[in-house]
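What follows is each chain in one-letter form.
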Amino acid sequence: MNRIFFTADLHFGHQNILRYQTDRPFADREDTAAHDAWLLDLWRSTVDKKDMVYILGDLTFFKSEDARHLLEKLPGRKYLIAGNHDGRSKPTRTISKPQHKYST
């Protein structure tokens, strides 16, 4: 069965997020590699390749090439609503293209 997930503010590769969001389980507020590995493990243990994942902003602080490698590691069909950190990389802009336009 295909599932639908929503997530936000993962902040892969963003060192400062460990200082500001103290509820993330890391004693070392400088260890972005451990933080990113933890997020990747959580994602992979939850999301299958046919699942849809809506990312509501701030997936990554990485630049283009590193962001592309990250996206290749994350299973699922990903749809990004870009946040203020997502504009730095072309791969996140690519998955951000709207599938539908909505108006109110």
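So, here is what we can say about the structure in this document.

Here's the deal with the sheet that holds strand E1 (residues 4–7)
Okay, step 1: Ordered by their spatial adjacency, three strands build an open sheet running E1-E2-E3, and the pairing between neighbours is parallel. Looking along the sheet, the strands with just one partner apiece sit at the ends: E1 and strand E3 (77–80). Between one strand axis and the next, the sheet turns through 20° on average, direction left out of account.
Okay, step 2: Sheet topology note: the E1/strand E2 (residues 52–55) ladder contains four bridges and is parallel. The residue of E2 that forms the bridge with Thr-7 is Ile-55.

Describing a nonpolar patch on the surface
Okay, step 1: Together, Ile-4, Phe-6, Leu-56 and Ile-81 give the surface a local cluster of nonpolar side chains, amounting to about 430 Å² of exposed area.
Okay, step 2: Mapped onto the secondary structure, Ile-4 falls in strand E1.

What about the layout of surface pockets?
Okay, step 1: Volume-wise, the second largest pocket comes out at about 160 Å³.
Okay, step 2: In terms of lining, the second largest pocket is formed by Phe-5, Phe-6, Thr-7, Leu-10, Phe-12, Leu-39, Leu-42, Trp-43, Thr-46, Val-47 and Val-53.
Okay, step 3: Of all the elements in the fold, those that place two or more residues in the lining of the second largest pocket are E1 and helix H2 (32–46).
Okay, step 4: At four residues, H2 tops the list of elements feeding residues into the lining of the second largest pocket.

As for the packing of aromatic side chains
Okay, step 1: The final tally for this structure, using the stated rule, is two aromatic pairs.
Okay, step 2: A centroid spacing of 5.3 Å and a plane angle of 20° characterise the contact between Phe-6 and Tyr-54, whose relative ring orientation is stacked. Of the two residues, Phe-6 is situated in strand E1 and Tyr-54 in strand E2; the sequence distance between them amounts to 48 residues.
Okay, step 3: Ring pairing ties together the aromatic residues Phe-6, Tyr-54 and Tyr-79, which thus form one cluster.

Observations concerning the pairing of E3
Okay, step 1: On E3, burial follows the alternation: Lys-78 and Leu-80 on one face are buried, whereas Arg-77 and Tyr-79 on the facing-out side are not.
Okay, step 2: Note that E2 and E3 share four bridges and pair parallel. Paired with Tyr-54 across the bridge in E3 is Tyr-79.
Okay, step 3: Regarding topology, helix H3 (residues 64–73) serves as the crossover connection from E2 to the parallel E3, and that connection is right-handed.

Quick look at the side chain of Thr-60
Okay, step 1: Mapping Thr-60 onto the fold places it in the loop between E2 and H3.
Okay, step 2: Given a relative accessible area of 2%, Thr-60 falls into the buried group.
Okay, step 3: Among the polar contacts listed, one links the side chain of Thr-60 to the backbone oxygen of Phe-12, at a separation of 3.2 Å.

A closer look at the nonpolar core
Okay, step 1: In this structure, Leu-10, Phe-12, Trp-43, Val-53, Ile-55, Leu-59 and Leu-74 are the most contacted members of the largest nonpolar core, which totals 13 residues.
Okay, step 2: Among the elements of the structure, H2, E2 and H3 are those that each provide at least two residues to this core.

Criteria and cut-off values
- Residues numbered from 1 in each chain as written.
- Predicted model: local features only at pLDDT ≥ 70, side-chain atom pairs only at ≥ 80, totals over all residues.
- Heavy atoms only, no water.
- Pairing = 2+ DSSP bridges.
- Helix = DSSP H or I, 4+ residues; strand = E, 2+ residues; numbered from the N terminus.
- Axes fitted to C-alpha atoms, helices over the stretch in contact; angles between N-to-C directions.
- Patch = residues over 30% accessible without salt bridge, like charges linked within 9 Å, V, L, I, M, F, W, Y side chains within 5 Å.
- Areas by Shrake-Rupley, 256 points an atom, 1.4 Å probe, with all protein chains shown as cover.
- Salt bridge = Lys/Arg side-chain N within 4 Å of Asp/Glu carboxyl O.
- 1 Å grid on protein atoms, 1.4 Å probe; cavity = no way out; pocket = protein on both sides within 12 Å on 5 of 7 lines; lining within 4 Å.
- Points joined across faces, edges and corners; volume = space filled by probe spheres on them.
- Phe/Tyr/Trp six-rings, centres within 6.5 Å; stacked < 30°, edge-to-face > 60°.
- Buried < 20%, exposed > 50% of the residue type's maximum accessible area, 1.4 Å probe, protein only.
- Right-handed = clockwise from strand over helix to strand, strands pointing away.
- Polar contact = N/O pair within 3.5 Å; in protein donor to acceptor, adjacent residues only side chain to side chain.
- Core = buried A, V, L, I, M, F, W, Y, C linked by side-chain atoms within 4.5 Å.

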